[in-house]
Amino acid sequence: MYAQMVKSTGERVKALDEMGPEERAFQERVDADIKIEPKDWMPEGYRKTLVRQIGQHAHSEIVGQLPEGNWITRAPTLDRKAILIAKVQDEAGHGLYLYCAAETLGVSRDEMTEELLSGKAKYSSIFNYPTLTWADIGAIGWLVDGAAIMNQVPLQRCSYGPYSRAMIRICKEESFHQRQGYDIMMRLCEGTAEQKEMAQDALNRFWQPALMMFGPSDKDSVHSAQSMAWKIKQNSNDELRQKFVDQTAPQAEYLGLNVPDPDLKWNEEKQGYDFSEPDWNEFYEVLKGNGPCNKERMEARQKAWNEGAWFRDGLMANAKKKKARRMAAE
Amino acid sequence: MTATVKTDAALFELALRMGDNALILGQRIGAWCGHAPAVEEDIALANVALDLIGQTKMWLGLAGELEGKGRSADDLAFLRDARAFRNALLVEQPNGDFAHTLMRQYLFDAWHHPMLVALKSSADKRVADIAEKAEKEARYHLERSEDLIVRLGDGSAESHERMQTALDALYPFAGELYAADAIDGDLAARRIAPDLGEVGKRYLASLKSTFEEATLKAPWDAATRKGGKQGMHSEELGYILAEMQWMQRAYPGAKW
Amino acid sequence: MKNEWPLWEVFIRGQHGLAHRHFGSLHAPDAEMAIKNARDVYTRRNEGVSIWVVKASDIAASSPGDKEPLFEPSNSKIYRHPTFYDIPDEVGHM
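Quick caveat: nothing in here was measured; it's all calculated off a predicted structure. (Residues numbered from 1 in each chain as written. Chains lettered and ligands numbered in written order. Predicted model: local features only at pLDDT ≥ 70, side-chain atom pairs only at ≥ 80, totals over all residues. Heavy atoms only, no water.)

Draft legend 1. Region of interest: the interface of chain B and chain C. Between chain B and chain C, the contact holds 15 residues from the first and 14 residues from the second. Here chain B and chain C share an interface that buries about 1400 Å² over both sides, 49% of which is from carbon and sulfur atoms. Its largest share of buried area at the contact with chain C, chain B owes to Glu40(B), Tyr140(B) and Arg151(B), together 46% of the area lost on that side. At the boundary of chain B and chain C, one finds 5 salt bridges. (Contact = heavy atoms within 4.5 Å. Buried area = accessible area lost by both parts, 1.4 Å probe. Salt bridge = Lys/Arg side-chain N within 4 Å of Asp/Glu carboxyl O.)

Draft legend 2. The arrangement of helix α6 (residues 161–189) of chain A in detail. Between its terminal C-alpha atoms α6(A) stretches 42 Å, which fits the 42 Å expected from 29 residues at 1.5 Å a residue. Helix geometry: α6(A) is bent most strongly at Glu173(A), by close to 40°. (Helix = DSSP H or I, 4+ residues; strand = E, 2+ residues; numbered from the N terminus. Expected span 1.5 Å × (residues − 1). Bend = angle between axes of the 7 residues up to and from the residue.)

Draft legend 3. Representation of the nonpolar core within the structure. By size, the foremost hydrophobic cluster in this structure holds 195 residues, and its most contacted members are Trp134(A), Tyr160(A), Leu14(B), Met103(B), Leu119(B), Phe211(B) and Leu26(C). Aside from chain neighbours lying at most four places away, what touches Tyr160(A) is Lys35(A), Ile36(A), Glu37(A), Pro38(A), Met42(A), Tyr46(A), Leu50(A), Ile54(A), Ala101(A), Thr104(A) and Leu105(A). (Core = buried A, V, L, I, M, F, W, Y, C linked by side-chain atoms within 4.5 Å. Buried < 20%, exposed > 50% of the residue type's maximum accessible area, 1.4 Å probe, protein only.)

Draft legend 4. Main features of the interface of chain B and chain A. Listed as interface residues are 49 residues of chain B and, on the opposing side, 43 residues of chain A. Of the roughly 4000 Å² buried at the junction of chain B and chain A (both faces included), carbon and sulfur atoms supply 66%. Linking chain B with chain A are 4 salt bridges. Notably, a salt bridge pairs Lys321(A) with Asp154(B), separated by 2.9 Å at the nearest N-O pair. Across the contact surface, chain B and chain A share 19 residue pairs in polar contact (both at pLDDT 80 or more). Residue assignment for the side of chain B that touches chain A shows that the elements contributing at least two residues are α1 (2–30), α2 (39–67), α3 (73–78), α5 (98–119), α6 (125–153), α7 (157–170), α11 (236–244) and α12 (246–250) of chain B. With 12 residues, the single largest contributor to the side of chain B that touches chain A is α2(B). (Polar contact = N/O pair within 3.5 Å; in protein donor to acceptor, adjacent residues only side chain to side chain.)

Draft legend 5. Local environment of the packing of helix α5 (residues 134–155) of chain A against helix α9 (residues 237–255) of chain A. All names here are of chain A. Taken N-terminus to C-terminus, the directions of α5 and α9 make an angle of 145°; their axes are 10 Å apart at the nearest point. Crossing of α5 over α9 shows right-handed handedness. Residues Trp142, Leu143, Gly146, Ala147, Met150 and Asn151 of α5 lie in contact with α9, whose contacting residues are Leu240, Lys243, Phe244, Gln247, Thr248, Gln251, Ala252 and Leu255. Split into classes, the residues belonging to the contact of α5 with α9 amount to 8 nonpolar, 5 polar and 1 charged. (Axes fitted to C-alpha atoms, helices over the stretch in contact; angles between N-to-C directions. Left-handed = near helix turned anticlockwise from the far one by under 90°. Nonpolar A, V, L, I, M, F, W, Y, C, P; charged D, E, K, R; others polar.)

Draft legend 6. Focus on empty space enclosed by the protein. All names here are of chain B. In total, this model carries 5 cavities of 30 Å³ or more according to the counting rule given. Considered as a void within the structure, the largest cavity measures approximately 100 Å³ in volume. Lining the largest cavity are Leu14, Arg17, Met18, Asn21, Arg86, Ala88, Trp111, Met115, Leu177, Asp184, Leu196 and Lys229. Mapped by element, the contributors of at least two residues to the lining of the largest cavity are α1 and α5. Sorting elements by how many residues they give to the lining of the largest cavity places α1 first, with 4 residues. Taken as a whole, the second largest cavity encloses approximately 70 Å³ of empty space. Taken together, Glu41, Ala44, Leu45, Val48, Leu102, Gln105, Asp109, His141, Arg144, Ser145 and Leu148 make up the lining of the second largest cavity. Its residues assigned to classes, the lining of the second largest cavity shows 5 nonpolar, 3 polar and 3 charged. (1 Å grid on protein atoms, 1.4 Å probe; cavity = no way out; pocket = protein on both sides within 12 Å on 5 of 7 lines; lining within 4 Å. Points joined across faces, edges and corners; volume = space filled by probe spheres on them.)

Draft legend 7. Structural detail: the packing of aromatic side chains. In total, this model carries 25 aromatic pairs over all chains according to the counting rule given. Here the aromatic rings of Phe311(A) and Phe98(B) are separated by 5.1 Å at their centres, their planes lie at 85°, and the arrangement is edge-to-face. Highlighted residues: Phe311(A) in helix α12 (residues 309–329) and Phe98(B) in helix α5, drawn from two different chains. Residues Phe311(A) and Phe98(B) agree in their burial class; the two are buried. Note on Tyr171(B) and Trp220(B): the rings are 5.3 Å apart at their centroids and 80° apart in plane angle, and the pair reads as edge-to-face. (Phe/Tyr/Trp six-rings, centres within 6.5 Å; stacked < 30°, edge-to-face > 60°.)

Draft legend 8. Highlighting the side chain of Asn128(A). On the secondary structure map, Asn128(A) appears in the loop between α4 (109–117) and α5. Other than its neighbours up to four places away in sequence, Asn128(A) contacts Tyr123(A), Val286(A), Gly291(A), Pro292(A), Cys293(A), Asn294(A) and Arg297(A).

Draft legend 9. Highlighting the pattern of salt bridges. For the coordinates displayed, the defined rule picks out 48 salt bridges over all chains. Between Glu37(A) and Arg165(A) there is a salt bridge whose closest N-O contact spans 2.8 Å. Placement of the pair is Glu37(A) in the loop between α1 (21–31) and α2 (44–69) and Arg165(A) in helix α6, with a sequence separation of 128 residues. The salt bridge partner of Arg139(B) is Glu135(B), with a shortest N-O separation of 3.3 Å. Taken together, the residues Arg139(B) and Glu135(B), both in helix α6 and 4 residues apart, mark about one turn of the helix. Overall, the relative accessible area of 42% leaves Arg139(B) in the partly exposed class. The class of Glu135(B) is buried, set by a relative accessible area of 5%. Residues joined in a network through salt bridges with shared partners are Lys322(A), Asp147(B), Arg151(B), Asp30(C), Glu32(C) and Lys36(C).

Draft legend 10. Summary view of the pairing of strand β1 (residues 7–13) of chain C. Residue and element names in this part refer to chain C. Extensive coverage of β1 is indicated by the burial of 5 of its 7 residues. Across 6 bridges, the pairing between β1 and strand β2 (residues 21–27) is antiparallel. Within the sheet, the bridge partner assigned to Leu7 lies in β2 and is His27. (Pairing = 2+ DSSP bridges.)

Draft legend 11. Summary view of the side chain of Ser164(A). All names here are of chain A. Structurally, Ser164 is set in helix α6. Judged by relative accessible area, Ser164 falls into the buried class, the value being 4%. A polar contact of 2.8 Å, which involves the side chain of Ser164, links it to the backbone oxygen of Gln156. When near neighbours in sequence (up to four residues on either side) are disregarded, Ser164 contacts Lys35, Leu155, Gln156 and Cys158.

Draft legend 12. Expanded view of the layout of surface pockets. All names here are of chain A. When its volume is computed, the second largest pocket comes out at roughly 640 Å³. Taken together, 23 residues make up the lining of the second largest pocket; nearest its centre are Arg52, Gln56, Lys120, Ala121 and Lys122. Elements with a contribution of two residues or more to the lining of the second largest pocket: α2, α4 and α10 (280–290). Class assignment for the residues of the lining of the second largest pocket results in 9 nonpolar, 5 polar and 9 charged.

Draft legend 13. Structural context of the environment of Glu190(A). Tracing the backbone shows Glu190(A) in the loop between α6 and α7 (193–212). What makes Glu190(A) exposed here is its relative accessible area of 60%.

Draft legend 14. View of the sheet that holds β1(C). Residue and element names in this part refer to chain C. Spatially, the 3 strands line up as an open sheet ordered β2-β1-β3, and their pairing is antiparallel. The open sheet terminates on both sides in strands that have one partner only, identified here as β2 and β3 (50–55). Direction aside, neighbouring strands of the sheet carry axes that sit 30° apart on average.

Right, dumping it as C-alpha cells:
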C-alpha cells in the first residue's frame, strides 16, 4: 500500500525441506512468530525485500507531507491550521522511524534518499494526485489514512522486529489522522451547498486512487506469496481492498455523499460490497512517473535536499571543529 | 469613563501585537513543513509553528474579549485587513533560504523570550497568564535557534557566509521590536507591560554575545526599519494575508 | 557516505521513575543536537523527562549466536524471580 509494488527477491516459496539448516531455522522462527532482529541470520532475499518495502513506506511518508502541507498556509481556521501542521509533522516523524528501521538492515538514510531522488526507489501512487480544495484535506485524512491504517495495523505483527516496533508507534500516533479527516468532511456536509459540493468532488477524485493504494489485484500481484511466507505482508491486496470498501461505503452514506461507482452494491451472500476495479492503466502510468503531480513532488524533494546540503554540512563542520577543540584542550 | 476606554485600547493593541507576531511568524514557518533540509529539522520547526499558532489563539482571543465586539481569534486572524495588523516587520519577511528563516527566528526569539518573562509579572492577570505559558515555549525556541546560529555561523565557509548574508539583511528589522511608542509608554507606566527600552538592552546584549560566538558581525549601525506595530507594513504582508485569509474571504460565513 | 549525520539511539526516562527505555533512533551532527532532536521527535518536549543518547556505532551488543550461553544460565536461576516463592495470602502484599 504505502509499499505497493515491492519486488520480492525470492523466486518462489521454498518448502522447509528444500532449505539449508540456517534458512530452515530462520523460517521456523518466523512460523513460530518469533521476531527476527537485525543481527540474526536472514536470507539475502528477506533483507533486500524488507529494505525495499520499508524504504518505499518511508519515502511515502516523506512525499506524503507535500499534498497536505500545501494547505497549511491556507487552512481556514487557526485550529485547522494547527491540526494540519501536527498531522504533516507526524508524517515526517513516521518517515524518520521507518528510515531508522531500514537502517538496521545495513543501508543508510542518505543512500535511501538518493535512491528516491534519482527515481530508482518508489513511493505510493496516491501522493501524485493534487489537492485542489480544502475538501481534499478531509478526503485524504478519511480515505488515504483510512486505507493506510488498514494496511499498517497488521504490519505491527510483521516478522522483522524493528519494522514491527516502528509500526506499533506509528499506528498509535496515527489514530487521530483518519478522524480529523472525517471531521472535516462532516463539517463540509453540514455546511452550505457549495461546501457539500466541494466534499463530493473530493470523494469523486480520491475514491479510485484510494482503492489503488492496496496495489494490483491478487491475480496480477506476483510478489505476494514469498512476502506472506516471510510474514512481511499479512493480507492480500484484494482482501484489504474489500475490507476498506466495506468500511468506507457506509461512512460515505452517513455523510450523504455518493461513492463514484455505479456498481457499488451490498452483496448479502458474501457479506460485503461489490465494487468496480479501479483503472489499472492509470495506476501503472502513475507508478511510471506519469501521474498528475509526480514531477512536482520529486522537484520539491530534490529542492529540499539540494538546497539543504549547506545546512547539513555546516552543522557537521561545526561538530568536527568542536570535537577537535575539545581534544586539543584535553 | 474615558480613562477605562483608553486602558482597554492600549491593552487591545498589546494583545494584537503579541498575537500578530505569533500568527505571522507561525504562518511563515508553517510553509517549511515538508521542505526543511533534514527530517529532524522539519519536525522541530513544526513544533515551533504549533506553539506560535497556540499562542496566537490566546493573544487574539484576549484581544477579541477586550474589544468587546464579539470577534473571535479566528475573526481577527482571517478577517482583518493589512492595515489593522500589528506585527513587527521582521516576522513578515520572506522565508528566503534556510539561513534567513533561522536568522529571523533567532532575532525574534531573543526578544520574545525576555519580553514574555517580563509580561509574566504584568499587572493584568490575563496577560500574565498567557505569558506564563508562552514563556516556557519561547525559552525552548530561543535555546534552539541560538544554538543553530552559533553552529552555522561557526560551521563551514558556506554556512558562515549564508548566515552573515541573512544577518545583514534582517538585522535592520530588529530595532522595531524594542522601539517604544506612546502605547508602550502607557502600558509600561501602568505596569501592564515592561519598559521596552530595558528589554532592548538585554536583547542587544544577548545578540552581541551570540554573534560573537557565531563569528558573525551584525551591522549595528544600520538604520532601523519599522512601522508594522502601527500598521505600516512591508508589501509582504498583503501576500501573506491573501493566502492565509483566502478561504474565509471566498466563502463568507461558512463553518470549517 | 560523504558527510552523513551519524545515527544515535535514544533512551528516555518518563515521568514515573522507571528506568530509561529505548525509544528509537535519529540522526544528528553531535550528541548535544541529538538530545535536542530527541526532544522534538520523541517527546514533543514533555517536561520532566530525561534523555540519553548514544552513538549507534558505540553500542556493543551480544550477537545472536551468543544467545544461549548468555541467557540460559539465568533461566535456570528461577529463584531470582519473585514468583518462585509461595507466600501465603495472609501475609499480605510483598
